[in-house]
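Now for the letters of each chain:
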Amino acid sequence: MIVDGQFIVSLSLIVATFALYIGIAIFNTAKQTSEFYVASRGVPPIFNGMAIGADWMSAASFIGMAGTVMVLGYDGLAYIMGWTGGYLLLTFLLAPQLRKYGRYTVPEFIGDRYRSDTARLIAAVATIIISFTYSVGQLSGSGVVIGRLLEVNTAVGTLIGVVLIAFYSAMGGMKGITWTQVAQYLVLIIAYLIPVIFMSLQLTSSPAPWLSYGEVISSMRELDQDLGISEYVVPFTEATKWQFIALMFTLMAGTAGLPHVIVRFYTVSTMKAARWSGAWALLFIGLLYLSAPVYAAFSRFILMTEVAGSSIDNLPAWTQPWINTGQLSVADENGDGVLQWQELSIHNDIVVMATPEIANLGVFVIGLMAAGAMAAALSTAGGLMIAISAALSHDIYYRSINPNASERKRLLVGRYSIVIATVAAGLLALNPPGAITQIVAWAFALASGSFFPALLLGVWWKRANGPGVIAGMITGLTVTLGYIFFSQSLGIQLLGIIDTGAGIFGAAAAIIANIVVSLNTKPPAQETQDEVTDLRYPEQMQYKNGEVWLKE
Amino acid sequence: MKKLERAKAEAYFKYRTTMIVIYLAIGFLVSYAVVLNAEALSSFRVMGIPFHYYMGAQGAVVTFIVLLFINAIVSDRIDKKFGFNPEYVDKADHSTVESSKGSE
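Some words on the overall build of chain B
Right, so step 1: Counting its regular elements, chain B contains four helices and three strands.
Right, so step 2: In sequence order, the secondary structure elements of chain B are arranged as β-α-α-β-β-α-α.
Right, so step 3: Taking all contacts inside chain B whose residues are at least 6 apart in sequence as the whole, residues at least 24 apart take part in 48%.

Quick notes on the overall build of chain A
Right, so step 1: Regarding its fold elements, chain A presents 21 helices and four strands.
Right, so step 2: The globule rule puts the C-alpha radius of gyration for 552 residues at 24 Å, and the 24 Å found for chain A is close to it.
Right, so step 3: Looking at chain A as a whole, 61% of its 552 residues qualify as buried.
Right, so step 4: Taking the intrachain contacts of chain A between residues at least 6 apart in sequence as the baseline, contacts between residues at least 24 apart amount to 81%.

Digging into the sheet that holds strand β3 (residues 541-544) of chain A
Right, so step 1: Read across the sheet, three strands follow the order β3(A)-β4(A)-β1(B) without closing on themselves; strand pairing throughout is antiparallel. Since the sheet does not close on itself, it has two edges, and those belong to β3 of chain A together with β1 (2-4) of chain B, each with one partner. Geometrically, the sheet is characterised by an average inter-axis angle of 35° between neighbouring strands, direction not taken into account.
Right, so step 2: Direction of pairing for strand β4 (residues 547-550) of chain A relative to β1 of chain B: antiparallel, over a ladder of three bridges. Bridge assignment links V548 of chain A to a residue of β1 of chain B, and that residue is L4 of chain B.

What to know about the interface of chain B and chain A
Where interface size is quoted, it is often the accessible area lost as the parts come together.
Right, so step 1: Each side of the interface is counted separately: chain B has 49 residues, and chain A has 51 residues.
Right, so step 2: For the side of chain B that touches chain A, the elements supplying multiple residues, two or more each, are β1, α1 (6-36), α2 (38-41), β3 (49-50) and α3 (51-81) of chain B.
Right, so step 3: Ranked by residues supplied to the side of chain B that touches chain A, first place goes to α3 of chain B with 17 residues.
Right, so step 4: Taken together, the residues that form the side of chain B that touches chain A break down as 29 nonpolar, 12 polar and eight charged.

Considering helix α3 (residues 45-56) of chain A
An α-helix turns once every 3.6 residues. As a result, residues three or four positions apart point the same way.
Residues and elements named next belong to chain A.
Right, so step 1: When the terminal C-alpha atoms of α3 are compared, their 16 Å separation across 12 residues agrees well with the 16 Å that a helix rising 1.5 Å per residue should span.
Right, so step 2: With 10 of 12 residues buried, α3 lies mostly within the body of the structure.
Right, so step 3: Every buried residue of α3 is listed here: P45, N48, G49, M50, A51, I52, G53, A54, D55 and W56.

Some points on the environment of I420 of chain A
Right, so step 1: Along the chain, I420 of chain A falls in helix α17 (residues 407-429).
Right, so step 2: Between the alpha carbons of I420 of chain A and A377 of chain A there is a distance of 19 Å; along the sequence they are 43 residues apart.

Focus on the pairing of β3 of chain A
Side chains on a regular strand alternate between the two faces of the sheet.
Residue and element names in this part refer to chain A.
Right, so step 1: In the sheet, β3 pairs with β4 via four bridges, with the strands oriented antiparallel. Residue pairing for β4: Y543 is matched across the bridge by V548.
Right, so step 2: The antiparallel hairpin formed by β3 and β4 contains two residues in its connecting segment, where N545 sits at a positive phi of about 50°.

Concerning the confidence of the model for chain A
Right, so step 1: Across chain A, pLDDT averages 84, with 93% of residues at or above 70.
Right, so step 2: In the model of chain A, helix α2 (residues 33-38) of chain A stands out as the element of lowest mean pLDDT, 54, in contrast to helix α20 (residues 503-519) of chain A, which has the highest, 96.

Things to note about the packing of helix α4 (residues 59-72) of chain A against helix α7 (residues 117-150) of chain A
Residue and element names in this part refer to chain A.
Right, so step 1: Two elements in contact, α4 and α7, have axes whose closest approach is 9 Å; the angle formed by their N-to-C orientations is 65°. Crossing of α4 against α7: the hand is left-handed. Between α4 and α7, the residues in contact are A59, A60 and I63 and G137, Q138, G141 and S142, respectively.
Right, so step 2: Tallied by class, residues from the contact of α4 with α7 come to three nonpolar, four polar and no charged.

Remarks on helix α18 (residues 436-460) of chain A
All names here are of chain A.
Right, so step 1: Helix length check: α18 (25 residues) gives 34 Å between terminal C-alpha atoms against 36 Å at 1.5 Å per residue, within 8%.
Right, so step 2: Considering bend angle alone, the principal kink of α18 is centred on S448 and spans about 40°.
Right, so step 3: Of all 25 residues that make up α18, 23 are buried, and the element is covered over most of its length.

Looking at the environment of D55 of chain A
Residue and element names in this part refer to chain A.
Right, so step 1: Tracing the chain through its elements places D55 in helix α3.
Right, so step 2: Separated by 194 residues in sequence, D55 and F249 have C-alpha atoms that sit 21 Å apart.
Right, so step 3: Beyond its immediate chain neighbours, meaning those up to four positions away, D55 contacts Q181, H260, V261, R264, S379, T380 and G383.

Observations regarding the environment of L36 of chain B
Right, so step 1: By the secondary structure assignment, L36 of chain B is in helix α1.
Right, so step 2: Judged by C-beta crowding, with 14 C-beta atoms within 10 Å, L36 of chain B ranks as partly exposed.

Description of the nonpolar core
Right, so step 1: One finds L188, F298, A370 and A373 of chain A to be the most contacted residues of the largest nonpolar core, which totals 200 residues.
Right, so step 2: If you tally residues by element for this core, the top one is helix α16 (residues 363-401) of chain A, at 21 residues.
Right, so step 3: Once residues within four sequence positions are removed from consideration, A373 of chain A is found in contact with A59, F62, I63, V145 and M353 of chain A.
Right, so step 4: Counting eight residues, the second largest nonpolar core, distinct from the first, contains Y537 of chain A together with L4, A9 and F84 of chain B.

Focus on unusual backbone geometry
Of all residues except glycine, most have a negative phi; of all peptide bonds, most are trans.
Right, so step 1: Within the chain, R115 of chain A stands out as a residue other than glycine whose phi angle is a positive 50°.
Right, so step 2: You will see that S205 of chain A, though not glycine, has its phi angle at about 45°, which is positive.

Observations concerning the confidence of the model for chain B
Residues and elements named next belong to chain B.
Right, so step 1: In the predicted model, chain B carries a mean pLDDT of 83, and 86% of its residues have values of at least 70.
Right, so step 2: Mean pLDDT across the secondary structure elements of chain B bottoms out at helix α4 (residues 97-102), with 34, and peaks at α3, with 94.
Right, so step 3: Scored below 50 in pLDDT, residues 93-104 shows 11 contacts in the model against residues more than four places distant or in partner chains.
Right, so step 4: This prediction of the complex comes with two scores: 0.89 for pTM and 0.89 for ipTM.

Some remarks on the packing of helix α5 (residues 77-101) of chain A against α18 of chain A
All names here are of chain A.
Right, so step 1: It is the contact of α5 with α18, at a shortest axis distance of 10 Å, that shows an interaxial angle of 70°. Between α5 and α18, the angle is such that the two are roughly perpendicular. In this structure, α5 crosses over α18, and the sense of that crossing is left-handed. Residues L93, L94 and Q97 of α5 form the contact with α18, whose own contacting residues are L455, L456 and V459.
Right, so step 2: Taken together, the residues of the contact of α5 with α18 break down into five nonpolar, one polar and no charged.

Cut-offs used in this document
Residues numbered from 1 in each chain as written. Chains lettered and ligands numbered in written order. Predicted model: local features only at pLDDT ≥ 70, side-chain atom pairs only at ≥ 80, totals over all residues. Helix = DSSP H or I, 4+ residues; strand = E, 2+ residues; numbered from the N terminus. Contact = placed C-beta atoms within 7 Å. Rg over C-alpha atoms; globule rule 2.2 N^0.38 Å. Buried ≥ 20, exposed ≤ 12 C-beta atoms within 10 Å, placed from the backbone. Pairing = 2+ DSSP bridges. Axes fitted to C-alpha atoms, helices over the stretch in contact; angles between N-to-C directions. Nonpolar A, V, L, I, M, F, W, Y, C, P; charged D, E, K, R; others polar. Expected span 1.5 Å × (residues − 1). pLDDT = per-residue confidence, 0-100. Left-handed = near helix turned anticlockwise from the far one by under 90°. Bend = angle between axes of the 7 residues up to and from the residue. Core = buried A, V, L, I, M, F, W, Y, C linked by C-beta atoms within 7 Å. Parallel < 35°, antiparallel > 145°, perpendicular 65-115°, else oblique.

Have a look at this one:
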């Protein structure tokens, strides 16, 4: 471990931001079950939007996305459109209705709407699988950042993250997390934007990178043509058009079906607040997503013009630590003593973390990036842990095992399950089963194959019934997992669609199965159908026995 | 509680649903439709960036954000136009712990 100026600045920034988050969590320690899960439904939409943003933007968004766009070019934009477009499906089709139905968790909605305990249990298990898969990605991401930063082993970094997450999720519950996440959003967005704005001033002399990076894209076109490589903006160089569409759909539908994101819409008091929360959330998320392609273009341009072409014995100082981590490789293949662009290989996941060093932005900005990356990884992991704990303590323990459990006992079960789930995910993250983005993509594919169809039909089609949703969720999960497995290990692909696009097949199969089985079994009771019709109208109205009533 | 005319209630639902269909169609157009025609659309440029790339990196996301805010504003107006209070909070909300027990 090397203690230098950079180390001290980075560490103090991380410690200061953590102290802030934990302070907020302690200040807001949840006392009631309802506060623990949904923050008493009193969070104003603009802050709820920030909290959704922090929940949403994970290690994959913060650390991985700009690098993915840089490496894949146009094909990487499927992530940008998919992860933002999901908020259209969520806010237009699901969130306000789920808010009106008013339950604590997604499995609870599915169980009550479809009048099926089996469906609730399947949904609870699916929540745990999806959130757990996703949090393994987050914890291994935080391990990479802490490990690189403190120059300790990645495993030690992961363990530090585990302790922090377990502590503040279990202490604060949703309310603690909501306000903590507002703080985390601010830290991560400032950390993300400052380097982009500095690079923009350096390269285009404009403080608004979003408007000025076109000139960098144009210059890169000439550079690519001179090198004779495929141009940066040319579409479908990495995969087929159908893979692009399938991936974009999977990410959109997965977003609309992720339990830890949907639960955020339960923390508001009205359908109106749910719509505004969705709008604010996408605005705050958009700030980062609009900046990622800028990041990608600037980093690629600097690498092409300032690093490529330099003498192999005289590379910039920042390259060495990253070469040591194995994420960056330079090899003078043709032996001319000069590093060519083609001889430089940079891993997706280090682009954002290395860019402040590449652009020579100074110790403070580099430290801020580390604090921002930690905020992204920890805030998402915290939200995921709440979703797992709610599924275990509320949907499984309270609703199925011990319906007479006191509020205190349920809180206790919730806290224990957070600690256990965090430690279990942490142990798996010590030796992750895939790259961060890949693990995250599987979680989205599973959500789009299970929850998205169940919620969509549950809200919009009153004829959908218990057997239908059970068949739908099981078929959707089976098809998604099957396609991931077959395309990964046996190389069987349809239209060039690989494992990350599996959700499109899962969602289609689940919708068909739900409709076919529902139509061939008994329709839901009139009371259930009335409940679904009731979701068409705002909070103030109630649909009962074929009449609409206005509450005063 | 006051009974609401059936026709009015149905008109409300139809109005809201039509708006959602329009928003989703626009969202589809700026994302999926552009991707499907990416090669053909790359010939003209916005801010120096080929159109298909511009839409993926910026145009679609900005459109999504604008659609969500338009929806939030228009929905509030529709509610008011039909005489509903969008800020109404039901005190006897069936989402509290006590009454969710009772609803089973």
